[in-house]
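A look at the structure
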Amino acid sequence: MEGVAHGDIPAGNGVWRIALKSRETVEARWLIDATGRGASLARRLGVRKVRDEGLIALWRFGLPRSGERCNRTLIEAVPEGSWYGAVLPDDRAVLSLHVRPDDAHLAGSLWLDILRRTRFLREFFPAEGFVESTRTVDAGGGRLAALYGDAWIACGDAAISFDPLSSQGIYTAMYSGMMAARAIAGSVRGDALALANYAAWLDEIRRVYRDRLADSYAMVERWPESRFWVERLAGVHGDRPAEDP
Ligand SMILES: Cc1cc2nc3c(=O)[nH]c(=O)nc-3n(C[C@H](O)[C@H](O)[C@H](O)COP(=O)(O)OP(=O)(O)OC[C@H]3O[C@@H](n4cnc5c(N)ncnc54)[C@H](O)[C@@H]3O)c2cc1C
C-alpha cells in the first residue's frame, strides 16, 4: 500500500473506499489501522489518542567498539533519561537516548557529551563511532481512546504503543495483528463480543505493561533531583494520561 491520501476514506453502503497516493482506489468491508503510533486512519475517523508521559527518542546509527559481538540490547540510566543501544544484523549499532520532550532540544545538542558520561554504554559504543546527526522520534506510550468501531479495528502501535524500555512493541504489534484478524472473523460470523473481547485483551496487556513500567522506573533512585526520573515515576504511578484533541 503506497499510502492513503488525505480525506479519502469515506464509508458508505458498508464499504470503505480508500484512495491511495498512487491514485488507485481500493474498496474493503473492513478497515484495519496498522499505521503505527500515528494511528492515522483512526484519528481521521475522529478517534482521540490517549498519551502517557511524553518521551522523545534521540537516536543515531553508528559503529560499536571494534570486534564487539554484542547480542543483546544494552540499557543505561543517566540523569537526563535512559540510553538504549543494540548492534544490528549488519554490524552497525543503533543508540538512542530517551528524554522528556522539554529536554529534547538541549539533550540533542549534548548527545555525544551525555554518551561520554555513561558508565557502561560508552565502553561498547564509543562516541567516536557516532558521527551521524541525531534523529528524533516520539517514543511515548499510549493508546487509542477506542480500539475498534463500525467496520474498523486498530492493531499494533496504532492501537497501543509502549515506552521502548518495555521491549514490548514488536511482539504485541505482530500478535495484535493476528488477534485483530480473528476478531474481525468472529464478528463477521456473528460473534457480538468478538471486538469487545479484543479490546479487553489489549486493555489487560496495557494494564500489566503499566505496572511493570512503574516497577522498572522505581528501580532508579540515584537522581532525586532529576526531573526525568521524578516525573516518570509520578506519571507512571499516577496514570494521568493526556488526550489529543
Ligand atoms: C526508539 C524506539 C525503540 C524501540 N525499541 C523496541 C524494541 O527494542 N523492541 C520492541 O519490541 N519494540 C521496540 N519499539 C517499538 C516498535 O518499533 C513498534 O512497536 C513496532 O514497530 C510497531 O509495529 P507496527 O507495525 O504497529 O507500526 P510501524 O512499525 O510504525 O509500521 C506502521 C507502518 O504504517 C505505515 N503508514 C503510516 N501511515 C500510513 C498511511 N496513512 N497509509 C499507509 N501506510 C501508512 C508506515 O509507513 C509504516 O510502514 C521501539 C520504538 C521506538 C520508537
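In this text the structure is predicted, and so the values were computed from the model without any measurement.

Summed over the entire model, instances satisfying the criterion amount to 12 aromatic pairs. Summarising the aromatic geometry, the rings of Phe162 and Tyr209 are spaced 4.8 Å apart at their centres and angled 90° between planes, so their arrangement reads as edge-to-face. Here Phe162, found in the loop between strand E14 (160–161) and helix H6 (169–188), pairs with Tyr209, found in helix H7 (residues 194–218); they are 47 residues apart in sequence, far enough to count as distant. Across the pair, Tyr209 and Phe162 agree in class, each one buried.

Looking now at the sheet that holds strand E12 (residues 148–149). Judged by pairing direction, the sheet is mixed, and its 3 strands sit side by side in the order E4-E13-E12 without closing on themselves. Whereas interior strands pair on both sides, the edge strands pair on one side only; in this sheet they are strand E4 (31–33) and E12. Bridging between E12 and strand E13 (residues 152–154) involves 2 bridges; their strand directions are antiparallel. Within E13, the residue paired with Tyr148 across the bridge is Ile153.

Turning next to a nonpolar patch on the surface. Taken together, Tyr171, Tyr175 and Met178 make up a surface patch of nonpolar side chains, about 310 Å² in accessible area. Among the secondary structure elements, Tyr171 is positioned in helix H6. A relative accessible area of 59% means that Tyr171 is categorised as exposed.

Core analysis: the largest hydrophobic core is formed by 39 residues, its most contacted members being Leu144, Trp152, Ile153, Tyr198, Leu202 and Trp229. Looking at this core, the elements that each hand over two or more residues are strand E2 (15–19), helix H1 (40–44), E13, helix H5 (156–159), H6, H7 and helix H8 (227–238). Of all hydrophobic cores here, the second largest spans 19 residues; its members include Leu74, Ala93, Trp111 and Phe125.

As a further point, take the pattern of salt bridges. Counted by the stated rule, this structure contains 18 salt bridges. Asp203 is the partner of Arg143 in a salt bridge, and the nearest nitrogen-oxygen pair spans 2.2 Å. Residue Arg143 is located in strand E11 (residues 142–144), and its partner Asp203 is located in helix H7; the two are separated by 60 residues in the primary sequence. Within this structure, Arg100, Asp102, Asp103, Arg227 and Glu231 form a network of salt bridges that share partners.

Thresholds applied
- Residues numbered from 1 in each chain as written.
- Predicted model: local features only at pLDDT ≥ 70, side-chain atom pairs only at ≥ 80, totals over all residues.
- Heavy atoms only, no water.
- Phe/Tyr/Trp six-rings, centres within 6.5 Å; stacked < 30°, edge-to-face > 60°.
- Helix = DSSP H or I, 4+ residues; strand = E, 2+ residues; numbered from the N terminus.
- Buried < 20%, exposed > 50% of the residue type's maximum accessible area, 1.4 Å probe, protein only.
- Pairing = 2+ DSSP bridges.
- Patch = residues over 30% accessible without salt bridge, like charges linked within 9 Å, V, L, I, M, F, W, Y side chains within 5 Å.
- Areas by Shrake-Rupley, 256 points an atom, 1.4 Å probe, with all protein chains shown as cover.
- Salt bridge = Lys/Arg side-chain N within 4 Å of Asp/Glu carboxyl O.
- Core = buried A, V, L, I, M, F, W, Y, C linked by side-chain atoms within 4.5 Å.

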